[in-house]
Amino acid sequence: MTWGASMSVIKRNGTRQRSIDAGAAVKPCDFDSMSAEKLWTLHEKITATLAKKITAEKTRLEQRLRQLEPVSNADGRSGGHARRPYPRVFPKYKNPERPSETWAGRGKQPRWLSAQLRSGKKLDDFRIELSDHARRRAHLG
């Protein structure tokens, strides 16, 4: 047997006998004296038992994994922790050439703004002035 779970035992009469040792006490087997049919039957029993144990272990591990995974929402996001509600961020800067292009001042600067700043303009040149009404709405958010 080539698996690491066996060991040879030398009997008193000098013959070598193999026994299976997987951590539990198992009676010794003399594989050399067994017929091919008996060895094949033993092989089939071992294969079937091993398949059952592997399936049971896999089921146990999958069940444990399901317990450890956070529950997913219908949209596919993890439901472990709800995302904190952030207030709406209003734009603070706009492109004077294209007023629909705005930037809230968060994240990477847009290309239009980077190009203008490189040409020597100041960031405050692009600031959007909010009316008093809009300013109050932004703070109540």
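Here the structure is a predicted model, which means the values were calculated and not measured.

### Some details on the overall build of the protein chain
Link 1 in the chain: A count of helices and strands for the protein chain gives three helices and four strands.
Link 2 in the chain: Ordered by position in the sequence, the α and β elements of the protein chain form the string β-β-α-β-β-α-α.
Link 3 in the chain: Buried residues in the protein chain amount to 9% of all 141 residues.
Link 4 in the chain: Within the protein chain, contacts between residues at least 6 apart in sequence are counted, and of these 15% link residues at least 24 apart.

### Here we look at the packing of aromatic side chains
Link 1 in the chain: In the structure shown here, the tally under the stated rule is two aromatic pairs.
Link 2 in the chain: Aromatic pair Trp 112 and Phe 126: ring centres 6.0 Å apart, planes at 70°, arrangement edge-to-face. Taken as a pair, Trp 112 in helix α2 (residues 111–118) and Phe 126 in the loop between α2 and α3 (132–140) lie far apart in primary sequence, 14 residues in all. Assigned by exposure class, Trp 112 and Phe 126 land together as buried.

### Structural notes on the pattern of salt bridges
Link 1 in the chain: Across all of its chains, the model carries three salt bridges by this definition.
Link 2 in the chain: Among the ionic pairs, Glu 101 bridges to Arg 98, the shortest N-O distance being 3.5 Å.
Link 3 in the chain: Among the ionic pairs, Asp 124 bridges to Arg 127, the shortest N-O distance being 3.4 Å.

### Side note on the nonpolar core
Link 1 in the chain: Counting residues in each nonpolar core, the largest one holds five residues, listed as Tyr 93, Trp 103, Trp 112, Leu 113 and Phe 126.
Link 2 in the chain: When near neighbours in sequence (up to four residues on either side) are disregarded, Phe 126 contacts Lys 92, Tyr 93, Lys 94, Pro 96, Trp 112, Leu 113, Gln 116, Leu 117 and Lys 121.

### With respect to the environment of Thr 47
Link 1 in the chain: As for its position among the elements, Thr 47 is in helix α1 (residues 36–68).
Link 2 in the chain: Among the polar contacts listed, one links the side chain of Thr 47 to the backbone oxygen of His 43, at a separation of 2.8 Å.

### Notes on α2
Link 1 in the chain: By the burial criterion, the buried members of α2 are Trp 112, Leu 113, Ser 114 and Gln 116.
Link 2 in the chain: For α2, the elements touching its buried residues are β3 (93–94) and β4 (102–103).
Link 3 in the chain: In the segment just after α2, Gly 120 is the residue with positive phi, at about 110°.

### Thoughts on the confidence of the model for the protein chain
Link 1 in the chain: Averaged over the protein chain, the pLDDT score is 79; the fraction of residues at 70 or greater is 65%.
Link 2 in the chain: Between the elements of the protein chain, mean pLDDT differs from a low of 56, seen in strand β1 (residues 6–10), to a high of 94, seen in α1.

### Some thoughts on the side chain of Asn 95
Link 1 in the chain: Inspection of the secondary structure puts Asn 95 in the loop between β3 and β4.
Link 2 in the chain: For Asn 95, a relative accessible area of 4% translates into the label buried.
Link 3 in the chain: Reaching out from Asn 95, the side chain makes a polar contact with the side chain of Glu 101 at a distance of 2.6 Å.
Link 4 in the chain: Discounting residues that sit within four places of it in the chain, Asn 95 has contacts with Glu 101 and Trp 112.

Calculation rules
- Residues numbered from 1 in each chain as written.
- Predicted model: local features only at pLDDT ≥ 70, side-chain atom pairs only at ≥ 80, totals over all residues.
- Heavy atoms only, no water.
- Helix = DSSP H or I, 4+ residues; strand = E, 2+ residues; numbered from the N terminus.
- Buried < 20%, exposed > 50% of the residue type's maximum accessible area, 1.4 Å probe, protein only.
- Contact = heavy atoms within 4.5 Å.
- Phe/Tyr/Trp six-rings, centres within 6.5 Å; stacked < 30°, edge-to-face > 60°.
- Salt bridge = Lys/Arg side-chain N within 4 Å of Asp/Glu carboxyl O.
- Core = buried A, V, L, I, M, F, W, Y, C linked by side-chain atoms within 4.5 Å.
- Polar contact = N/O pair within 3.5 Å; in protein donor to acceptor, adjacent residues only side chain to side chain.
- pLDDT = per-residue confidence, 0-100.

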